[in-house]
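Each chain, letter by letter, is given below.
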Amino acid sequence: MAIDSIIVQNLEKSFPKKQQGKKAPFRLQFPQPKERSRVLKDISFSVRQGEILGYIGPNGAGKSTTIKILTGILTPDSGSVSVEGFVPWKQRMELAKKIGVVFGQKTLLWWDLSPKDIMPLYREIYEIPEKAFSKRFEELVERFGAKEFISTPTRKLSLGERMRCDLIVALLHKPKVLFLDEPTIGLDAIAKEQMRSFVKKINREEKTTVFLTTHDMNDIEALADKIIVVDKGSKIFEGKIEEFKKKHVKEAVMSFEILQVIDKSAFKSLLSKTRQLSQEGNYYELAFSIERMDAQEAASRLFKCCKTSSFQIKEQTLEEIIREFYELH
Amino acid sequence: MSFTKSARILAIGLMLHWKRLLEYRLNLAFDLLLRLVDSVTFFMFWAVILASSNGFAGWGLKEFLIVFALESYFTALVISFAYAGLYMYERIHNAELDSFLTKPAQPWLLAIVKGIEPSFAGFISGTAALALAFTQGISMQPLALLLGLFMVLLGVAITALFGLSLATLSFWLGRMDSLESVFESFWSFGGKPASIFPIGLQVLTAFTFPFIFIQTIPTMAILDKIPVQEMLLFILAEFIVLIAWIFAFKFLWKKGLRNYESGGG
Amino acid sequence: MKAAAVRKYFQAFLAELKRLRAEGMDFVLHLSYIPLLIIILYFLWSIVYQNTSSVQGYSFNEMMAYVLVAVVFRRLIANSWVAHKIEHYITDGDIVTFLCRPFDFKKFMLSTRLAHNFYFGLMLLPVLLIILAIFNAEFKFLELALALAILVAGFAFTFLEFYTIGLCAFWLERIYGLRHAFDWMQEILSGTWFPVTLFPAFAQQALQFLPFQHLVYTPTALALGKISLLQGLEGLAVLIIWVIALNFASNWIWKKGFRKYDGKC
């Protein structure tokens, strides 16, 4: 029976609204201004053990706030949260022993020293016995291919190398849950791929639950077992990626090269029912609405009126769907 | 979190900063050079004051030499550890605190460990001053000297807590670069004879910001101008102040954390 | 500098002013050390004047007037924060953003800092006038104007001084010690705690062509009618020469440091 690693119920969080306009020169910042903005509105969801959850939404949707509540940094206004059986803001230290956190923007390493230098500090913080620690450290370095640069001062590392080391630090104590906040931000395509494969590896081999927030939909496609979409503090969707796509895919794109037009009027009528994305000579890219005409119909219409080659039908990528989705909301 | 764990984390932190220091050896040289400059200005200042007045609260060069030694040790330790507490305010506002909060250790301890800046020059100048006093035949009470060093240690702990408490104010007041000015202005009360301040002020600061006493009381005791028993009373008072500051900081920290917005997401 | 560029930095200047108006608490605390310093100096000088009625031609009242004005002037030329900020820009890597944008780093820092001290100046000006009114019945307009000019030059000097110190972070990473030593040293040498005429003759001679005493002593003594206009002008000239020299030096160090940093856009 699958156990839930993370359970969130009716989570509410609001922040005082930033004061706008002119202020008196000696204004004190307390008492808190009365106006508050609700950042999280009645959020509820659960994540099974060993699952990788992608938590996505436009900027300001409340993603960072959620992850900070789950890791014990912030205290919610109301609602209940259980992470591995702990209430994060009440049992912060105990929970910290069971989780690993990587914030994309802030490194866990020290600027002037190498990642290897820093390890004893984290060993002590996580209370890992010496022998077990050495073994684990070597193992992670091997797995993530970090042997070459683990002894290089952090300031000399590339972003990708640094993130890898951050991941190693976060996994030293074999956490049950791994929280990743924008782990691939700023990385080049290869480094992103590597990052994703490492996360997937750990998830598969150690059954680590992963809670991931990201703006890169390729991360989601590659990793997430399930996604939750939030916007303006409310949960919009929870479920598998495929479900989301099915629900929200509006368009498909058909690309082909015209060899010969058999029925001119039928071809014209097809063009009128679609949106032309590009045309280079005889090469066309047409987008059409799934609601009006499904892929099969579109293809048969095309073949009836023309002789073609290099025919392709592409569904919208998650990236495109999400972008449209954000725009809509 | 257990005391031994905190001590071990601090020890490892010190070792790491020592490693950092070795990387930047130039800083060590600068540390020494600047302590030299500082020492010269200290003696110049008092030389001028002493020259302008006939007897300054009964203090002469002897007294200032001992004060200088204690002040050197105090400054070295404050630079090394106490500023780290103050600079926690920066870690609060650059989101580094978030990474501390998600670790199984006290975030303020991690902030201090990150911010340690080992400064040795003060130990050198302080010991040199004591050696000079010794060779000049100035008689010093050894017990008072030991207790004096202990007072300095307690004083550093109080200063560190003061710095940490100021840092927690930034939970409410936002990013405040002025906290450094406030921090420094309080312990600039040290290094001067306590007797120049009116009794009212002495009493007021004795149980809040005892910087007036940390160096001058031991100096008096070392030079046998006050009995060691009186010194013990001051040490007791310092202990009480230290404990009061621990409570004050814990209170501010708890309240502040609850108020923490962490950049508002 | 072209009109568009001037407008750009003026915007930065205004932005900082706006921020200061909003951060009321930070501003108040930045000045908090002034009363503390005055208290210390008051008691210090009270003791000195117990045995004498005049020190180097200053009566107790005049000395207190000096101290009050000097402390205010000291605040107006304070720029040690610049070094602190630059150190952080360098060690956090944020300095790269300046290198990749059409913003002259030095001019940007100057605009922000100018706003800061200008704001303080505005707030402190009435205080200053009141002090002068209390202690000095005569209102010497010309002397005050010259004092202001000297302060502007002094501000330029300390800005460049700490700007250069901040740039040393390219090599030293942490310039804490360097910054504070210059700060402390300047505190005495600038004449904040007492007029430089109290220094022994040989020290005064050595300091003559250094810019430090002209940062605070010269404008203060001028405002209080203790030195002549001519002496004031001499001080201004010395400062200007130093500002020009330091400007070249800082540009050179910037080039060198930037090359070493090897930052990428």
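Analysis parameters
- Residues numbered from 1 in each chain as written.
- Chains lettered and ligands numbered in written order.
- Predicted model: local features only at pLDDT ≥ 70, side-chain atom pairs only at ≥ 80, totals over all residues.
- Heavy atoms only, no water.
- Contact = heavy atoms within 4.5 Å.
- Buried area = accessible area lost by both parts, 1.4 Å probe.
- Polar contact = N/O pair within 3.5 Å; in protein donor to acceptor, adjacent residues only side chain to side chain.
- Helix = DSSP H or I, 4+ residues; strand = E, 2+ residues; numbered from the N terminus.
- Nonpolar A, V, L, I, M, F, W, Y, C, P; charged D, E, K, R; others polar.
- Phe/Tyr/Trp six-rings, centres within 6.5 Å; stacked < 30°, edge-to-face > 60°.
- Buried < 20%, exposed > 50% of the residue type's maximum accessible area, 1.4 Å probe, protein only.
- Salt bridge = Lys/Arg side-chain N within 4 Å of Asp/Glu carboxyl O.
- pLDDT = per-residue confidence, 0-100.
- Core = buried A, V, L, I, M, F, W, Y, C linked by side-chain atoms within 4.5 Å.

## Regarding the interface of chain C and chain B
- On the chain B side, the residues contacting the 40 residues of chain C number 44 residues.
- Each partner contributes to the roughly 3900 Å² buried at the junction of chain C and chain B, and carbon and sulfur atoms together form 72% of this total.
- Our count for the chain C to chain B interface comes out at 5 residue pairs in polar contact (both at pLDDT 80 or more).
- Put simply, the parts of the chain that give the side of chain C that touches chain B at least two residues each are α2 (24–30), α3 (33–48), α5 (80–92), α9 (169–172) and α10 (176–189) of chain C.
- In terms of residue count, α10(C) provides more of the side of chain C that touches chain B than any other element does, 10 residues in total.
- Residue classes in the side of chain C that touches chain B are distributed as 27 nonpolar, 8 polar and 5 charged.

## Some points on the packing of aromatic side chains
- A complete count under the given rule lists 55 aromatic pairs over all chains for this structure.
- Ring centres of Tyr83(B) and Tyr87(B) lie 5.8 Å apart, and the angle between their planes is 35 degrees; this geometry places the pair in the tilted category.
- Taking relative accessible area as the criterion, Tyr83(B) reaches 2% and is therefore assigned buried.
- Consider the rings of Phe170(C) and Trp171(C), whose centres lie 6.2 Å apart with planes at 90 degrees: the pair is edge-to-face.

## Some remarks on helix α6 (residues 107–115) of chain B
- When you tally the buried positions in α6(B), you get 7 out of 9 residues, the bulk of the element.
- When we look at burial in α6(B), the residues that qualify are Pro107(B), Leu109(B), Leu110(B), Ala111(B), Ile112(B), Val113(B) and Gly115(B).

## Things to note about the pattern of salt bridges
All names here are of chain A.
- Using the criterion set out here, one finds 33 salt bridges over all chains in the structure.
- For Asp219, the salt bridge is made with Arg196, and the minimal N-O distance between the two is 2.6 Å. Remark: Arg196 occurs in helix α6 (residues 189–206) and Asp219 occurs in helix α7 (residues 217–223); sequence separation between them is 23 residues. Across the pair, Arg196 and Asp219 agree in class, each one buried.

## Looking at the environment of Leu154(B)
All names here are of chain B.
- Here Leu154 shows up in helix α8 (residues 142–173).
- Put simply, Leu154 and Val241 are 87 residues apart on the chain and 9.5 Å apart in space, counted from C-alpha to C-alpha.
- Each residue touching Leu154, except ones within four places of it in the same chain, is listed here: Ile235, Glu238, Phe239 and Leu242.

## A word on the confidence of the model for chain C
- Model confidence for chain C is summarised by a mean pLDDT of 84, while 95% of its residues fall at 70 or above.
- Interface confidence for the predicted complex, expressed as ipTM, amounts to 0.85; the pTM equals 0.82.

## Focus: the nonpolar core
- With 278 residues, the main nonpolar core has Ile6(A), Phe45(A), Leu167(A), Phe179(A), Trp45(C) and Phe194(C) as its most contacted residues.
- Every residue in contact with Phe194(C), bar those within four places of it in the chain, is listed here: Phe45(B), Val48(B), Ile49(B), Trp45(C), Tyr66(C), Ile188(C) and Phe199(C).
- Of all hydrophobic cores here, the second largest spans 14 residues; its members include Ile258(A), Leu270(A), Phe288(A) and Leu302(A).

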